[in-house]
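# Fold and geometry: a report
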Amino acid sequence: MEADYDKKILELKSKIKSFPDFPKPGILFWDIFSAISDGATCKLLQSLLVQTIKANYPDVEALVGLESRGFLFSFSLAAELGISSLPVRKKGKLPGEVVSHKYDLEYGSDVLEIQKNVVRPGQKCLIVDDLIATGGSVTAATTLLRSCGADVIGCLVVIELTSLRGRDNIPKGIPVHSLIQYD
Ligand SMILES: Nc1ncnc2c1ncn2[C@@H]1O[C@H](COP(=O)(O)O)[C@@H](O)[C@H]1O
Ligand SMILES: O=P(O)(O)OP(=O)(O)O
């Protein structure tokens, strides 16, 4: 069983391409789109993510995708599990009334938004994204969701850049599950 899982992870890993110096010098960009351009890998990735959610978050009620690559997974997984798929977007992209959270970046700041009243108070929300690096996006999304009354039960990503220690930087008590880890 374990050997089968490890084999699937290796198969997935072999399909993810990396691009040095994108989008700026010094960044090694992990391109999730390179994996999902192949149908068999889409199916494999979806099944690994579903397996992780069922094993670790059996009570999850909503998957919150972070713009924009998080949306690839939040909708398809929510559809399979029959639960809500909620988007967190950058400023000015969601219609109607929104709740906002401004957060600091290395240089400057950014704002995340969610539509008002889409989260039920106490709703068990799992944050979903392609990758965790410093943990800044997950931290900001957690603050935003909590300000709406959500119960943030964890974070699920395909890739974790372990040397950046994102999981240590996010609020205590939010577990991180990643399928693939790179230094
Ligand atoms: N090296 C990277 N490759 C692809 N995507 C990346 C990379 N580093 C960051 N990202 C995107 O940014 C956020 C996570 O960054 P945090 O520093 O954890 O906020 C995530 O949405 C990635 O798509
Ligand atoms: O490329 P995106 O839209 O997924 O955004 P980010 O790089 O901020 O994750």
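Residues numbered from 1 in each chain as written. Chains lettered and ligands numbered in written order. Predicted model: local features only at pLDDT ≥ 70, side-chain atom pairs only at ≥ 80, totals over all residues. Heavy atoms only, no water.

The protein carries the name Adenine phosphoribosyltransferase in an unreviewed UniProt entry, which gives Trichoplusia ni as its organism. Its UniProt record, at the heading Catalytic activity (unreviewed entry), says of the protein: "AMP + diphosphate = 5-phospho-alpha-D-ribose 1-diphosphate + adenine". The record in UniProt for the protein states the following under Function (unreviewed entry): "Catalyzes a salvage reaction resulting in the formation of AMP, that is energically less costly than de novo synthesis." (UniProt positions renumbered as here; feature names shortened; annotations may be inferred.)

This paragraph deals with the pattern of salt bridges. Applying the stated criterion to the full structure yields 10 salt bridges. Put simply, Glu-67 and Lys-93 hold a salt bridge, and the shortest N to O gap is 2.7 Å. Here Glu-67 is found in the loop between β3 (62-66) and α4 (69-81), whereas its partner Lys-93 is found in the loop between β4 (84-90) and β5 (98-104), with 26 residues between them in sequence. Since its relative accessible area comes to 17%, Glu-67 is described here as buried. The exposure class of Lys-93 is partly exposed, given its relative accessible area of 42%. Here Asp-151 ties to Lys-124 by a salt bridge, and the two come within 3.6 Å at their closest N and O atoms. Linking Asp-151 in strand β8 (residues 151-161) with Lys-124 in strand β7 (residues 124-132), this pair joins segments that are 27 residues apart in sequence. According to the relative accessible area criterion, Lys-124 is partly exposed, its value standing at 28%. Shared partners join several salt bridges into a network, and the residues in it are Glu-67, Arg-89 and Lys-93. (Salt bridge = Lys/Arg side-chain N within 4 Å of Asp/Glu carboxyl O. Helix = DSSP H or I, 4+ residues; strand = E, 2+ residues; numbered from the N terminus. Buried < 20%, exposed > 50% of the residue type's maximum accessible area, 1.4 Å probe, protein only.)

So, on to helix α3 (residues 39-56). Over its 18 residues, α3 runs 26 Å from end to end, which matches the ideal 26 Å to within 8%, given 1.5 Å per residue. Turning to α3, its buried residues are Thr-41, Leu-44, Leu-45, Gln-46, Leu-48, Leu-49, Val-50, Thr-52 and Ile-53. (Expected span 1.5 Å × (residues − 1).)

This next bit is on the site of ligand 2. If you check the shell around ligand 2, you find Glu-67, Ser-68, Arg-69 and Lys-90 and nothing else. Separating an oxygen atom of ligand 2 from a side-chain N or O atom of Arg-69 is a distance of 2.9 Å. Within the side chain of Lys-90, a nitrogen or oxygen atom sits 3.0 Å from an oxygen atom of ligand 2. Considered on its own, ligand 2 offers 280 Å² of accessible surface; in the complex 57% of this is hidden by protein. A majority-of-atoms criterion places ligand 2 in the largest pocket. Of the residues that constitute the shell around ligand 2, the class distribution is no nonpolar, 1 polar and 3 charged. (Near = heavy atom within 4 Å. Polar contact = N/O pair within 3.5 Å; in protein donor to acceptor, adjacent residues only side chain to side chain. Areas by Shrake-Rupley, 256 points an atom, 1.4 Å probe, with all protein chains shown as cover. 1 Å grid on protein atoms, 1.4 Å probe; cavity = no way out; pocket = protein on both sides within 12 Å on 5 of 7 lines; lining within 4 Å. Sits in = over half its atoms within 2 Å of the grid points. Nonpolar A, V, L, I, M, F, W, Y, C, P; charged D, E, K, R; others polar.)

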